[in-house]
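Reading the structure
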Amino acid sequence: MEDEFEALRNTIYKSDGEYKRFRQLVVNGVMATDIVDKELKALRNGRWAKAFKEKQLEESPTDAINRKATIVIEHLIQASDVSHTMQHWHI
């Protein structure tokens, strides 16, 4: 990674665990824009069901919040990616 962005990276994440979490969010966000892949859609829906089912998994509160935040971000990105194609473009 380039040295000139070290300050930005230090602001976004401080530890290796935070780096991995941030990277996962970015990758999942980019993959959420793929609306054609039925398998990705099924996986995303499965993660939503897992995150928001009534009987929660035995996990730490931080992990549960992270799981919910990640899947909500993915759905928001997917919704915004789809909705922008429905706008009228005045050319």
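In what follows, the structure referred to is the one given above.
Quick look at the structure, then. Just so we're clear, the structure is a prediction, and the values are computed from it rather than from any experiment. (Residues numbered from 1 in each chain as written. Predicted model: local features only at pLDDT ≥ 70, side-chain atom pairs only at ≥ 80, totals over all residues. Heavy atoms only, no water.)

Topic: a nonpolar patch on the surface
Together, Phe5, Leu8, Ile12, Phe22, Val26 and Val30 line one region of the surface with nonpolar side chains, adding up to about 510 Å² of accessible area. Every element with two or more residues in the nonpolar patch is listed here: α1 (6–12) and α2 (16–31). The greatest single-element share of the nonpolar patch, amounting to three residues, is contributed by α2. Mapped onto the elements of the fold, Val26 is located in helix α2. (Patch = residues over 30% accessible without salt bridge, like charges linked within 9 Å, V, L, I, M, F, W, Y side chains within 5 Å. Areas by Shrake-Rupley, 256 points an atom, 1.4 Å probe, with all protein chains shown as cover. Salt bridge = Lys/Arg side-chain N within 4 Å of Asp/Glu carboxyl O. Helix = DSSP H or I, 4+ residues; strand = E, 2+ residues; numbered from the N terminus.)

Re the layout of surface pockets
Looking at the largest pocket, its volume works out to about 210 Å³. Listed by contribution, the elements that provide at least two residues to the lining of the largest pocket are α2 and α4 (61–83). Broken down by element, the residue count for the lining of the largest pocket peaks at six residues, all from α4. Of the residues contributing to the lining of the largest pocket, the split by class is one nonpolar, four polar and five charged. (1 Å grid on protein atoms, 1.4 Å probe; cavity = no way out; pocket = protein on both sides within 12 Å on 5 of 7 lines; lining within 4 Å. Points joined across faces, edges and corners; volume = space filled by probe spheres on them. Nonpolar A, V, L, I, M, F, W, Y, C, P; charged D, E, K, R; others polar.)

A closer look at helix α3 (residues 38–52)
With 15 residues, α3 extends 21 Å from end C-alpha to end C-alpha; this agrees with the ideal 21 Å at 1.5 Å per step. Every buried residue of α3 is accounted for by Leu40, Arg44 and Ala51. Looking straight down α3, one finds that the buried residues subtend no more than 35° of arc, so they occupy a single side. For α3, exposure combined with an orientation more than 90 degrees from the buried face picks out Lys38 and Glu39. For α3, the capping residue at the N-terminal end is Asp37, with a side-chain oxygen 2.9 Å from the backbone nitrogen of Glu39. (Expected span 1.5 Å × (residues − 1). Buried < 20%, exposed > 50% of the residue type's maximum accessible area, 1.4 Å probe, protein only. Arc of directions from axis to C-beta. Polar contact = N/O pair within 3.5 Å; in protein donor to acceptor, adjacent residues only side chain to side chain.)

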